[in-house]
Structure formats: C-alpha cells, structure tokens
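What follows is the residue order along each chain.
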Amino acid sequence: MAGGGAIPSGNSKAYPGNLTWNVFITCLVAACGGLIFGYDIGISGGVTSMAPFLKEFFPAVYKKEMNIVPSSNQYCKFNSTTLTLFTSSLYLAALVASWIASVVTRVFGRKKSMLVGGCTFCAGALLNAFAQNVLMLIIGRILLGIGIGFANQSVPLYLSEIAPYKYRGALNVMFQLSITIGILVANAVNYGFAQIKGGWGWRLSLGGAVVPAVIFIIGSLTLPDTPNSLIERGKNEEAKERLLKIRGVDNVDEEFNDLVAASEESKKVKHPWFNLFRRKYRPQLAFAILIPFFQQLTGMNVFMFYAPVLFKTMGFGDNASLFSALITGIVNSVATLVSIFTVDKFGRRVLFLEGGIQMLICQAVITTAIGLKFGLQGNPGVLEKWYSVLVVVAICVYIAAFAWSWGPLGWLVPSEIFPLEIRSAAQSVNVSVNMIFTFFIAQIFLQMLCALRFGLFIFFMFWVLVMTIFIHKYLPETKGIPIEEMAGIWKKHPYWKRFVPTVTDEEKNVEIPDKNKKEEEEPKTTN
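Residues numbered from 1 in each chain as written. Predicted model: local features only at pLDDT ≥ 70, side-chain atom pairs only at ≥ 80, totals over all residues. Heavy atoms only, no water.

To keep it simple, the criterion reads: UniProt positions are given in the numbering used here, feature names are shortened, and annotations may be inferred rather than shown by experiment.
Looking at an unreviewed UniProt entry, the protein chain carries the name Major facilitator superfamily (MFS) profile domain-containing protein, with the source organism given as Centaurea solstitialis. Word for word, the UniProt comment on the protein chain under Subcellular location (unreviewed entry) is "Membrane".

Here it is in structure tokens:
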C-alpha cells in the first residue's frame, strides 16, 4: 500500500513455529474474554429501550416515550443524564481498573488478571439482575466495569504473546470476534426477553451476563501462562517448555533467548510508567493514545450502545427497533470474520484505510437520509418501509466496515507494538483511553443527538476523515513481524525514525536531537 507509512518488514527475524491445535484452542478460550465486553455493549442499549425497565427506574423518560408527557422533538425523547450514567458508569470503572490490572498482569501473570475480571463481572451481573433502585444498578455497572477493565487489559496481550508471529493478527482478532458474538447474543436475548409478559424480561437480559462471565472464569482457570509472562516472573525452564509446546517445533532457542534478553532489559526498568514517556517510545505511545481515541470517535459505539434507542428515534416500533439491532449484530459478527482471514494476508494498513473510506461514505448517506426525512424538528411521521430499509442497510454497511478494520485492529495494533519492559503499562494506557472516550460518547450521545440533530453524524464523519489520513501518513505495517522484533519498524519510518535511536547511534552513545525539547540522556542499550 503506497503512502508515507508503508514500511516493509526488512530484516526482522523469522522464528520457527506452526499454528497448532494447542495454540488455536488456547487463543479461542482466552478470546472468550471479549464475550463479557460484547454482551454488555449489546445488552445495555436494548434494556434502556424496554418500557418496563424505563418505567421502574427512569419514569421521566418513560413518560416521554409513551407520550404521557409529549415531546416536541423526536431527537430528545431519551435525553436523560441519569439514563446515560447507567450506561457510561461502567467505563469509568473500567478506566480505573485497567491501571490496577497493569500491575496484576505484570506481577502475577496474564491469566490471574483474566480471572479477577471474570469474577467481578459475574458479581456485577447478579447485582443488576436483582436491582431494586438506580443505585444498585450503577454499583452493578461499576463491578461490570472492573471486570471489563481487567479483561481488556490482559486478553489482547495474552493473544499477541501466545500466537506465532505469522498468525498473530488472525488470532488476536478473535478477541474482537468474541466481542461481536457477545453483542449479537445480547441483541437476540433482548429481542426474546422483551416478549415476556409481565415486564420482567429485562432482569433476565441483565442477569444473562453471568453466562459469558462463567465461561471466561472457567477459561482463565484452565489456560497456561504465556512464555513471556513466565520469563518475566523468573520461570525460565517452564517458559521454554511452554514455548516448545505452543510452537510445535523442536528448536525454539533463538526466540527463547530473545525473550529472555527482553525480560532482562525489562527488569532494569524500575518505573515502566515513567519509561513510557521516554523519547524512543514516543511512536508506540502515540498509537496507544490515538488509535483508541479514534476508534471511539468513529461513532460505532453510538450504534452498539443505543441501536434500539436510535432506531426508535428514527420511527421504528419497539420490537422493530430491537429486531433492527439484532440485524446489525449479525452483520458485525460476520464482517469480523473478514478481518480474521485477511489481516495477516493484506496487512493492517489496507484494512484501516479501506474501512475508513467505507465508513465515511456510509455516514454521508445516513446523514443525508436522516436530515431529509427528520429535518431539524425530528418529526418524521411514519417512515415508509423502503426508507427504513435504506437507513438500516447504510448502517449495516457502515458497521461491516468498522468490524473488519477499526474494531479488531484497534485492539490488535496497540497490543503488538510494545517492548516487554513497558507492555503492561502501555496496554493500560490503551485501555484507559478507550474507556475514557467510550464513557464520553456514552454519556453525552443522547444530549448531542438532542442538540445537534442529524448534525451529530457530521461530527463523526469529520473524525473518520481525520483518522484515515492519520493512518495513511503515520502507521507502519506490522504484519509478519515477530513481537520482540517490532522496534525496528520505527527506525525505517520517515517520520518516527527521528525519535528512535539507530544501532549506530546507540553504539556511539549519541542522542538524537530534539528541536523542540531537550530530553534526558538515553542509557546505552544492546539490541
């Protein structure tokens, strides 16, 4: 792919290793951590569109929805700070939990962090299912958030470390596939339980989160730790045995020795959080912040969190809105499979760029369709069937683009570019930024929809354009490069090479100058 960021892999090492059934099953089980995140994303939007749930916990919204208190603007029916706090409180909890999870992941291993995530998520699901007031709901959401923070911190790292480098992309994308399956299951659950007479189906929807939590807990108990994590904790012999088993070859000396060397270097780093801000890690830090930032500003979570609410705002009925959300969930899951089969063949950049262009076109169509029909006042009357189909199709094509690009790659790329000494800390930055802006979008979306009307989609279009240009100019290709050899890609990039010392520079103990700011002297290192 042409462009300033397309840098070949060069002379990176080619470690031996096969895609064994052992590795595939291990990654499949670990990826189940995405089920809890996906189920929550799907379930919250559906539940908040159910009239019995709104009547019990958010009566002001219920009265607008049922036209007991008439609303002059269709865009503003669901505008409630308390209602959005129900959805978004989880992501603040996940933000804080991700920093704690970084320490747990580094000191006790990836699987212990995964186990903590599964248990706290299970507790939150039970509390929400039996909630009697808004406070219980929000405390339950906080527990769910802690579980998601731990899972999102540890699972992508686990997958990137356990996978052979030739298949790292596909195996890591299984985490995103698991998220989409969780969303799909949640949409189906919402649609089914909404039909239960008596109006208590929402409790089953919220309590159903126990199922993916238990699956994740059992999986985390049976998984082996990664060789990287074992070496990090001084268990070198066990790590080599594990590496031999997961690679399926007789000799892993080169990869093992490089892992040990990386671990020795990482032990010299007493403050990994401080190290993140060193000059030579500036490229990785930039992507740890900007990729999750852009991922949330695609607008995708608007459709995932509030798909039923959004469809009801567009004039769809209660069951029709839940059914439309189910359709988008199916599209999301199927399209993620495209990424699994193409990410290691065509590379990360191609999928990022194609997905961005496709999302941009679809958002233009959606904006035009909603603007022409609803106008500024948001009173469309009855939507014709063909018009409803047009909107749903445009949203589905948009979701497909995200599902094979920014969705999975937003987790894959940050998890594979960091050296071991800052990997846990950097992944926490990635998760934290993701959660900050997930919270931001979840908390203000309904207010923005009320204030900006269809102009909200223009806001997301702008960011999709910006992020596509950013990827074209600044992201080097990471396909087919061993995770411990990833540092070399920055030295060849026309922009990032100014921040990363070359071998010659290091040998001469020469610091690369910074025109804007004088950095502390880099310690002499050995590659």
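There is more to say after this.
**Observations regarding the overall build of the protein chain**
Quick reminder of the rule: Only runs of H or I of at least four residues qualify as helices and only runs of E of at least two qualify as strands under DSSP, and these elements are numbered from the N terminus. Relative accessibility decides the category of a residue: with a 1.4 Å probe and only protein chains considered, values under 20% of the type maximum give buried, values over 50% give exposed, and everything between is partly exposed. By definition, residues are in contact when any of their heavy atoms lie within 4.5 Å. For accessible areas, the Shrake-Rupley method is used with a probe of radius 1.4 Å. Any residue's cover is judged against the shown protein chains and nothing else.
Check the secondary structure of the protein chain and you find 24 helices and 0 strands. Split into buried and exposed, the 527 residues of the protein chain put 61% on the buried side. Intrachain contacts of the protein chain at a sequence separation of at least 6 include 82% that bridge at least 24 residues. In the form shown here, the protein chain has an accessible surface area of approximately 20,100 Å², with 67% of it arising from carbon and sulfur atoms.

**Let's talk about the packing of helix H1 (residues 21-31) against helix H2 (residues 33-47)**
In plain terms, the rule: For helices, the fitted axis covers only the stretch in contact; all axes are lines through C-alpha atoms, and the angles between them, taken along N-to-C directions, range from 0 to 180 degrees. Angles below 35 degrees are treated as roughly parallel, those above 145 as roughly antiparallel, those between 65 and 115 as roughly perpendicular, and all remaining angles as oblique. In the scheme used here, Gly and all other residues not listed as nonpolar or charged are polar, with Ala, Val, Leu, Ile, Met, Phe, Trp, Tyr, Cys and Pro taken as nonpolar and Asp, Glu, Lys and Arg as charged.
H2 packs onto H1 with a crossing angle of 30° between their chain directions and a minimal axis gap of 4 Å. Judged by the angle between their axes, H1 and H2 are roughly parallel. Here Val29, Ala30 and Ala31 of H1 come into contact with H2, specifically with Gly33, Gly34 and Leu35. Classifying every residue of the contact of H1 with H2 gives 4 nonpolar, 2 polar and no charged.

**Concerning the pattern of salt bridges**
Rule in force here: Salt bridge, as used here: a side-chain nitrogen of Lys or Arg that lies within 4 Å of a carboxyl oxygen of Asp or Glu.
Evaluated as defined, the whole model comprises 11 salt bridges. Residue Arg203 is joined to Glu56 by a salt bridge in which the shortest nitrogen-to-oxygen separation is 3.4 Å. A residue pair is termed long-range when its members are at least 10 positions apart, and Arg203 in helix H9 (residues 201-207) and Glu56 in helix H3 (residues 51-57) qualify at 147 residues. When the shortest N-O distance is used, the salt bridge between Arg106 and Glu232 registers 4.0 Å. Remark: Glu232 occurs in helix H11 (residues 227-232) and Arg106 occurs in helix H5 (residues 81-108); sequence separation between them is 126 residues. On the basis of relative accessibility, which here comes to 21%, the residue Arg106 falls in the partly exposed class.

**Considerations on the environment of Ile41**
Inspection of the secondary structure puts Ile41 in helix H2. Each C-alpha atom of the pair Ile41 and Leu184 lies 9.8 Å from the other, and the pair is 143 residues apart in sequence.

**Some details on helix H7 (residues 134-162)**
Our working definition: Helices are assigned an expected span. That span is 1.5 Å times one less than the residue count. Under the rule applied, a polar contact is a pair of N or O atoms within 3.5 Å (in protein, one hydrogen donor and one hydrogen acceptor; residues adjacent in sequence only if both atoms are side-chain atoms).
Counted at 1.5 Å a residue, the expected span for H7 with its 29 residues is 42 Å, and the 42 Å between its end C-alpha atoms agrees. Taking burial as the measure, the 29 residues of H7 include 22 buried ones, the bulk of the element. Two or three places before Leu135, at the start of H7, stands the capping residue Asn133, its side-chain oxygen 3.2 Å from that residue's backbone nitrogen.

**Focus on the layout of surface pockets**
Formally: Put plainly, a pocket is an open set of points on a 1 Å grid over the protein atoms alone with protein on both sides within 12 Å along at least five of seven lines, a cavity is a set where a 1.4 Å probe fits but cannot get out, and a lining residue has an atom within 4 Å of a point. Grid points are joined across faces, edges and corners, and a volume is the space filled by probe spheres set on the points.
Empty space within the second largest pocket amounts to approximately 310 Å³. For the second largest pocket, the lining is made up of 17 residues, of which Phe24, Ala170, Met174, Leu177 and Ile340 are closest to its centre. Listed by contribution, the elements that provide at least two residues to the lining of the second largest pocket are H1, helix H8 (168-193) and helix H17 (318-346).

**Some words on the packing of aromatic side chains**
Any two aromatic rings considered together are summarised by their centre-to-centre distance and by the angle between their planes. Inclusion rule: Stacked, tilted and edge-to-face pairs are distinguished by plane angle, under 30 degrees for stacked and over 60 for edge-to-face with tilted covering the rest, among Phe, Tyr and Trp rings (Trp via its six-membered ring) whose centres lie within 6.5 Å.
Here the structure, examined in full by the defined rule, presents 25 aromatic pairs. Each ring, one from Phe294 and one from Trp406, has its centre 6.3 Å from the other, and the planes form 85°; the classification is edge-to-face. Placement of the pair is Phe294 in helix H15 (residues 282-296) and Trp406 in helix H20 (residues 406-416), with a sequence separation of 112 residues. Of the residues examined, Phe294 reaches a relative accessible area of 5% and is grouped as buried. Centre to centre, the rings of Phe459 and Phe460 are 5.4 Å apart; their planes meet at 70°, and the pair counts as edge-to-face. The class for Phe459 is partly exposed, based on a relative accessible area of 27%. Since its relative accessible area comes to 2%, Phe460 is described here as buried.

**Describing the confidence of the model for the protein chain**
In low-pLDDT regions, the fine details of the predicted coordinates are not to be read closely. Basically, it comes down to this: Confidence scores labelled pLDDT are given residue by residue by the predictor and lie between 0 and 100.
In this model, the protein chain carries an average pLDDT of 79, and 80% of its residues clear a pLDDT of 70 or more. Within the protein chain, helix H6 (residues 110-129) carries the highest mean pLDDT (92), whereas helix H24 (residues 503-507) carries the lowest (43). Predicted confidence for residues 1-11 stays below pLDDT 50, and this span has 32 contacts to residues more than four positions away or in other chains.

**Section: the packing of H7 against H8**
Stated formally: By convention, the crossing between two helices is left-handed when the near helix turns anticlockwise from the far helix through less than a right angle, and right-handed when the turn is clockwise.
Where H7 meets H8, the closest approach of the two axes is 8 Å, and the angle between their N-to-C directions is 155°. When the axes of H7 and H8 are compared, the pair comes out roughly antiparallel. Handedness of the H7/H8 crossing: right-handed. Contacts between H7 and H8 involve Asn152, Val155, Pro156, Leu159 and Ser160 on the former and, on the latter, Arg168, Leu171, Asn172 and Phe175.

**A few points about the side chain of Gln153**
Take Gln153: it is sitting in helix H7. Gln153 gets classed as buried once you look at its relative accessible area, which sits at 0%. At a separation of 3.3 Å, a polar atom in the side chain of Gln153 contacts the side chain of Ser428.

**What about a nonpolar patch on the surface?**
To keep it simple, the criterion reads: Surface patches are drawn from residues lacking salt bridges whose relative accessible area is over 30%; two like charges belong together within 9 Å, two nonpolar side chains (Val, Leu, Ile, Met, Phe, Trp, Tyr) within 5 Å.
A cluster of nonpolar side chains, contributed by Leu19, Trp21, Phe24, Ile25, Leu28 and Tyr167, occupies part of the molecular surface with about 590 Å² of accessible area. Mapped onto the fold, Trp21 is located in helix H1. Accessibility expressed as a relative area gives 69% for Trp21, which makes it exposed.

**Looking at the side chain of Thr336**
For Thr336, the position within the fold is in helix H17. Exposure remark for Thr336: the relative accessible area of 0% places this residue in the buried category. Not counting residues within four places of it along the chain, the set of residues in contact with Thr336 comprises Val173, Gln176, Leu177, Thr180 and Ala403.

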